[in-house]
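Okay, here's what each chain looks like letter by letter:
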Amino acid sequence: MAASNPESSVSVPLDTSPIRVTETEAYSFDAAEVARAGRRISDDNITVFADEVHLEYQVRTSGSRRKGFGIRRTRSMKALRGISLAVREGEFVGLVGRNGSGKSSLLRVLAGLEPPSEGLVLTSAQPQLLGVSAALLPELSGEENIRLGLLAMGFSPEVVEAKGSEVTELSNLDDALRMPMRTYSSGMAARLRFAISVAAKPEILMIDEALSTGDAAFMERSRRAMDQMIASAGTVFLVSHAAQQIEEMCTRAVWLDRGRVIADGPARDIARAYRWFAHNLAQGNNDKAEQLLADAALQFKT
Ligand SMILES: Nc1ncnc2c1ncn2[C@@H]1O[C@H](COP(=O)(O)OP(=O)(O)OP(=O)(O)O)[C@@H](O)[C@H]1O
């Protein structure tokens, strides 16, 4: 379980009213723990809560070679530097940020796949991180993998039959479903994993780039499937470099840079600000891009 951050444990008025959440294997979510972290929780529909989360990777590097000996050193790489977030039922949160800003790391920590080096992560249910949880086998056909994926998620054979057709329709892979998955392009495999995960209707779904591989029809179907999830009080996270996709699909966006939250607010506003920043960065206008980043931090930081 993630440790709470003792430094933030006092001086904030606490509301320890009950939080309607269930315990999961990875995390326990109880009001006292949130209170110890010094956060005021005034409503009970929070599904994902992060308090001052840090993540440091230890990386082994090869050093200089002298007299034929290679010297190996360990370097620490700070991927997340104090992320705090509270996400509620029905929110569709887009994560944007330049390469290496910490988006995938944050999803992995929130999904419980990576323990934070410091800080607290609480979730109301086990999040499903698309692409990792679905254990699909390359030698099996798409159809067989749909059954396997749904069984692996704990559904009974009867439910698997019923959900199977939903997955088939959403994936739109038609005849390819009878081919071994090793013959799929990465986009086709991503679509299949996405369709399986969405049909499973997890309370918390996390998608890392998978949607960018689909065509317009797939995007439209995906959007409808996720709208249904959100309407039934689910929570979705989406990492994407396509700011337009975030703007069109998400209700809220969080902009990460160098492991920190730069801006957090309505998807439309954040996505537009991010797109202008990314455009300037791509043009090599680094000073202008840094200025836009600072402006966004002032305007949208919560
Ligand atoms: N397994 C790992 N070991 C060491 N460092 C890592 C590892 N995974 C990520 N990092 C580092 O952590 C930082 C954040 O990486 P992360 O993949 O979370 O960023 P990202 O915003 O998702 O990037 P991208 O948009 O390029 O996918 C980067 O500096 C990256 O090099």
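What counts, and at which threshold
- Residues numbered from 1 in each chain as written.
- Predicted model: local features only at pLDDT ≥ 70, side-chain atom pairs only at ≥ 80, totals over all residues.
- UniProt positions renumbered as here; feature names shortened; annotations may be inferred.
- Helix = DSSP H or I, 4+ residues; strand = E, 2+ residues; numbered from the N terminus.
- Buried ≥ 20, exposed ≤ 12 C-beta atoms within 10 Å, placed from the backbone.
- Contact = placed C-beta atoms within 7 Å.
- Axes fitted to C-alpha atoms, helices over the stretch in contact; angles between N-to-C directions.
- Parallel < 35°, antiparallel > 145°, perpendicular 65-115°, else oblique.
- Left-handed = near helix turned anticlockwise from the far one by under 90°.
- Domains from an automatic or database assignment.
- Pairing = 2+ DSSP bridges.
- Near = placed C-beta within 6 Å.
- Nonpolar A, V, L, I, M, F, W, Y, C, P; charged D, E, K, R; others polar.
- Core = buried A, V, L, I, M, F, W, Y, C linked by C-beta atoms within 7 Å.
- Expected span 1.5 Å × (residues − 1).
- Bend = angle between axes of the 7 residues up to and from the residue.

The name that an unreviewed UniProt entry assigns to the chain is ABC transporter ATP-binding protein, with the source organism given as Pseudoclavibacter albus. Listed under Sequence similarities (unreviewed entry) in UniProt, the entry text for the chain is "Belongs to the ABC transporter superfamily."

Novice: I would appreciate a short explanation of the overall build of the chain in the present structure.
Specialist: A count of helical and extended segments in the chain gives nine helices and nine strands. Within the span of the chain, comprising 302 residues, buried residues form 39% of the whole. A fraction of 69% describes how many contacts in the chain between residues 6 or more apart in sequence connect residues 24 or more apart.

Novice: Help me understand the packing of helix H5 (residues 186-199) against helix H6 (residues 216-231) in this model?
Specialist: The packing of two helices is summarised by the inter-axis angle and the distance between the axes. Here H5 crosses H6 at 20°, and the two axes come no closer than 11 Å. In this view, H5 runs roughly parallel relative to H6, as classed from their interaxial angle. Note that H5 runs across H6; the crossing there is left-handed. Two secondary-structure elements touch here, H5 through Arg-191, Phe-194 and Val-198 and H6 through Phe-218, Ser-222, Ala-225, Met-226 and Met-229.

Novice: What should I look at first to understand the domain arrangement of the chain in this one?
Specialist: Domain annotation of the chain identifies domain 1 (6-63 + 71-127 + 202-300) and domain 2 (134-200). Tallying the contact residues gives 14 residues for domain 1 and eleven residues for domain 2. Mapped onto the side of domain 1 that touches domain 2, the elements with two or more residues apiece are strand E6 (204-208) and H6. At seven residues, the largest contribution of residues to the side of domain 1 that touches domain 2 is made by H6.

Novice: Which parts of the structure should I look at to understand the pairing of strand E8 (residues 252-257)?
Specialist: The side chains of a regular strand alternate, first on one face of the sheet and then on the other. Here E8 lies mainly inside the structure; five of its six residues are buried. Across four bridges, the pairing between strand E3 (residues 92-96) and E8 is parallel. Residue pairing across strands places Gly-94 opposite Ala-253, the latter belonging to E8. Pairing between E8 and strand E9 (residues 260-266): six bridges, direction antiparallel.

Novice: What exactly am I supposed to notice about the site of the ligand here?
Specialist: By nearness alone, every residue bordering the ligand is listed as Tyr-57, Val-59, Met-77, Ala-79, Gly-97, Asn-99, Gly-100, Ser-101, Gly-102, Lys-103, Ser-104 and Ser-105. For the shell around the ligand, the elements supplying multiple residues, two or more each, are strand E1 (46-66), strand E2 (69-88) and helix H2 (103-110). Partitioning the shell around the ligand into residue classes produces four nonpolar, seven polar and one charged.

Novice: Mind showing me how you'd approach the nonpolar core here?
Specialist: One recurring pattern in soluble globular proteins is that nonpolar side chains are buried together. In this structure, Met-206, Ala-253 and Trp-255 are the most contacted members of the largest nonpolar core, which totals 71 residues. Take this core: its biggest share by element is nine residues, from H5. Per-domain counts for this core show at least three residues from each of domain 1 (6-63 + 71-127 + 202-300) and domain 2 (134-200).

Novice: Help me understand unusual backbone geometry in this model?
Specialist: Note: most peptide bonds trans; most residues except glycine with negative phi. Of note in this structure, Asn-172 is not a glycine but carries a positive phi near 55°. Unusually for a residue other than glycine, Arg-258 sits at a positive phi of about 50°. Within the secondary structure, Arg-258 sits in the loop between E8 and E9.

Novice: So what exactly am I meant to see when it comes to helix H4 (residues 157-171) here?
Specialist: In an α-helix, one turn spans 3.6 residues, which is why side chains three or four residues apart end up on the same side. Spanning 15 residues, H4 covers 20 Å between terminal C-alpha atoms, matching the ideal 21 Å at 1.5 Å per step. Of all the bends found along H4, the most pronounced is centred on Lys-163 and spans about 30°. Residues of H4 that are buried: Lys-163, Val-167, Leu-170 and Ser-171. Its buried side turned inward, H4 meets helix H3 (142-152), H5 and H6.

Novice: Teacher, can you tell me more about the environment of Ser-105 here?
Specialist: Inspection of the secondary structure puts Ser-105 in helix H2. Sequence separation between Ser-105 and Asp-257 is 152 residues; the distance between their C-alpha atoms is 12 Å. When residues no more than four places from it in sequence are discounted, the contact partners of Ser-105 are Leu-55, Ala-79, Leu-80 and Glu-114.

Novice: I tried to follow the environment of Glu-290 on my own but got confused; where do I start?
Specialist: Summarising the element assignment, Glu-290 is placed in helix H9 (residues 286-300). Measuring from C-alpha to C-alpha, the distance between Glu-290 and Gly-94 comes to 21 Å, with 196 residues separating the pair along the chain.

Novice: How do you make sense of the pairing of E3 when you look at a structure like this?
Specialist: The buried count for E3 comes to five of five residues, which makes it a mostly enclosed element. Bridge count for E3 against strand E7 (residues 235-239) is four bridges, and the pairing is parallel. Within E7, the residue paired with Gly-94 across the bridge is Leu-238.

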